[in-house]
Amino acid sequence: MADTFSLQRVLETFRSSLSENKEVYIKYYISGWKELVSFMNSLGNVFSFISKDVVCKIQILENFLSGENGSHYVTIQSMVKYELENDLVDLTKRSSHPESGCRTLLRLHRALRWLELFLEKLRTSSEDSKTSVMCSDAYNESLAHHHPWLIRKAVGVAFCALPGRNTFFDVMNAGDHTQVVALLGESLPLISEVYQITEDLYAKNNLLELP
Ligand code: 1PW
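Residues numbered from 1 in each chain as written. Predicted model: local features only at pLDDT ≥ 70, side-chain atom pairs only at ≥ 80, totals over all residues. Heavy atoms only, no water.

### Quick look at unusual backbone geometry
For clarity, the cut-off: Working definition: helices are DSSP H or I runs of at least four residues, strands are E runs of at least two. Numbering for both runs from the N terminus. Any residue under 20% of the maximum accessible area for its type is buried, any over 50% is exposed, and the rest in between are partly exposed; the area is computed with a 1.4 Å probe on protein chains only.
For Lys-22, which is not glycine, the phi dihedral falls at a positive 65 degrees. Position of Lys-22 among the secondary structure elements: in the loop between helix 1 (7-16) and helix 2 (26-42). Here Lys-22 falls in the partly exposed class, since its relative accessible area comes to 42%. A positive phi is found at Asn-206, a non-glycine position, where the angle reads about 60 degrees.

Next comes the structure, spelled out in structure tokens:
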């Protein structure tokens, strides 16, 4: 992973994460998140508590992927099948499998919805739009429903420290503003597709509320 963030690379990793028969490769899904973490870190210390949790979740999934049962963790589909068939998921409350791949990935999946909403707002925003408002609106429409009060407060504080729209576009490192908007337009359907495939899979298996 290169040091400088590039929006283009995030999109490429999410693109690579879709297999021909529409399964999602965990390896690339995680790479996409790693890029986003480097982005969050470049936004300053306020984001470190947010990125820490994401880093921790990425690590859990990487451990599964490189572990002895790694072959079952190649795609989200194979992970769900394997963990369910082998009773490796705590379905109602956390007990013997508090950090299953399924519940860990679900947290990233919910955050991906936030990202999708936020990037869509950014794409259609006007020059005087505030990133902090777009960010928290997207958050309140998605991830906030899954977070307790204290986290919602802390996340809200972090959003206030976000740089303005111009800086944001520059940090994305994808050319001038028109190019960033075009790139977002091209890539949002992809992120949305990865999100929807995962959402349908989790819904079908009744996994959307995993503790
Ligand atoms: C500007 C770009 C930022 C994009 C990343 C957005 C990710 C937002 C993640 C918020 C995390 C807040 C702190 C941690 C909360 C955890 O309790 C929560 N994790 C997540 C990813 O929502 C739930 O995980 P848990 O406690 O059930 O293990």
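### Brief notes about the packing of aromatic side chains
Aromatic rings in a pair are described by how distant their centres are and how their planes are angled relative to each other. In plain terms, the rule: Pairing of aromatic side chains here covers Phe, Tyr and the six-membered ring of Trp, requires ring centres within 6.5 Å, and sorts the geometry by plane angle: under 30 degrees stacked, over 60 edge-to-face, intermediate tilted. Whether a charge sits over a ring depends on NZ of Lys or CZ of Arg being within 6 Å of the ring centre and within 35 degrees of the ring normal.
Under the counting rule described, the total for this entry stands at 9 aromatic pairs. Aromatic pair Trp-114 and Phe-159: ring centres 5.8 Å apart, planes at 5 degrees, arrangement stacked. Taken as a pair, Trp-114 in helix 5 (residues 101-123) and Phe-159 in helix 7 (residues 149-160) lie far apart in primary sequence, 45 residues in all. With respect to burial, Trp-114 and Phe-159 carry one shared label: buried. One residue, Arg-113, lies across the ring of Tyr-195, its end atom 5.8 Å from the ring centre.

### Concerning the packing of helix 2 against helix 3 (residues 48-66)
Worth spelling out the cut-off: Only the stretch in contact is used when a helix axis is fitted, and all axes are lines through C-alpha atoms; the angle between N-to-C directions ranges over 0 to 180 degrees. Note on terminology: angles under 35 degrees are roughly parallel, angles over 145 are roughly antiparallel, angles of 65 to 115 are roughly perpendicular, and the others are oblique. Two helices crossing with the near one rotated counterclockwise from the far one by less than a right angle form a left-handed crossing, whereas a clockwise rotation gives a right-handed crossing. Two residues form a contact once any of their heavy atoms are found within 4.5 Å.
The interhelical angle for the contact between helix 2 and helix 3, taken along N-to-C directions, is 155 degrees, at an axis separation of 10 Å. Here helix 3 runs roughly antiparallel to helix 2, going by the angle between their axes. The interaxial crossing formed by helix 2 with helix 3 has left-handed handedness. Each of Ile-26, Lys-27, Ile-30, Trp-33, Lys-34, Val-37, Met-40 and Asn-41 in helix 2 lies in contact with helix 3, whose residues at this interface are Ile-50, Ser-51, Val-54, Val-55, Ile-58, Leu-61, Glu-62 and Leu-65.

### Re the site of the ligand
The test is simple: Being near a molecule or strand, for a residue, comes down to having at least one heavy atom within 4 Å of it. Identification of polar contacts relies on pairs of N or O atoms within 3.5 Å, with a donor-acceptor requirement for protein atoms, meaning one able to donate a hydrogen and the other able to accept it, and with residues adjacent in sequence counted only if both atoms are side-chain atoms. Per-residue and other accessible areas follow the Shrake-Rupley method at a 1.4 Å probe size, with only the shown protein chains counted as cover for residues. Lining residues are those with an atom within 4 Å of a point, where the points come from a 1 Å grid over the protein atoms alone and group into cavities, where a 1.4 Å probe fits but cannot get out, or pockets, open sets with protein on both sides within 12 Å along at least five of seven lines. Cavity and pocket membership follows a simple rule, namely that a molecule belongs there if more than half of its atoms are within 2 Å of the grid points. Amino acids are sorted into nonpolar (Ala, Val, Leu, Ile, Met, Phe, Trp, Tyr, Cys and Pro), charged (Asp, Glu, Lys and Arg) and polar (every other residue, Gly among them).
Inspection of the region around the ligand gives 13 residues, with Asp-53, Lys-57, Arg-103, Trp-114 and His-147 positioned closest. In the model, a nitrogen atom of the ligand is placed 2.7 Å from a nitrogen or oxygen of the Asp-53 side chain. At 2.8 Å from an oxygen atom of the ligand is found a side-chain nitrogen or oxygen belonging to His-147. For the ligand, whose unbound accessible area comes to 690 Å², protein coverage reaches 86%. Taken atom by atom, the bulk of the ligand overlaps the largest pocket. Those elements giving two or more residues to the shell around the ligand turn out to be helix 2, helix 3 and helix 5. Classifying every residue of the shell around the ligand by side-chain character gives 8 nonpolar, 1 polar and 4 charged.

Honestly, it's all geometry; don't read function into it.
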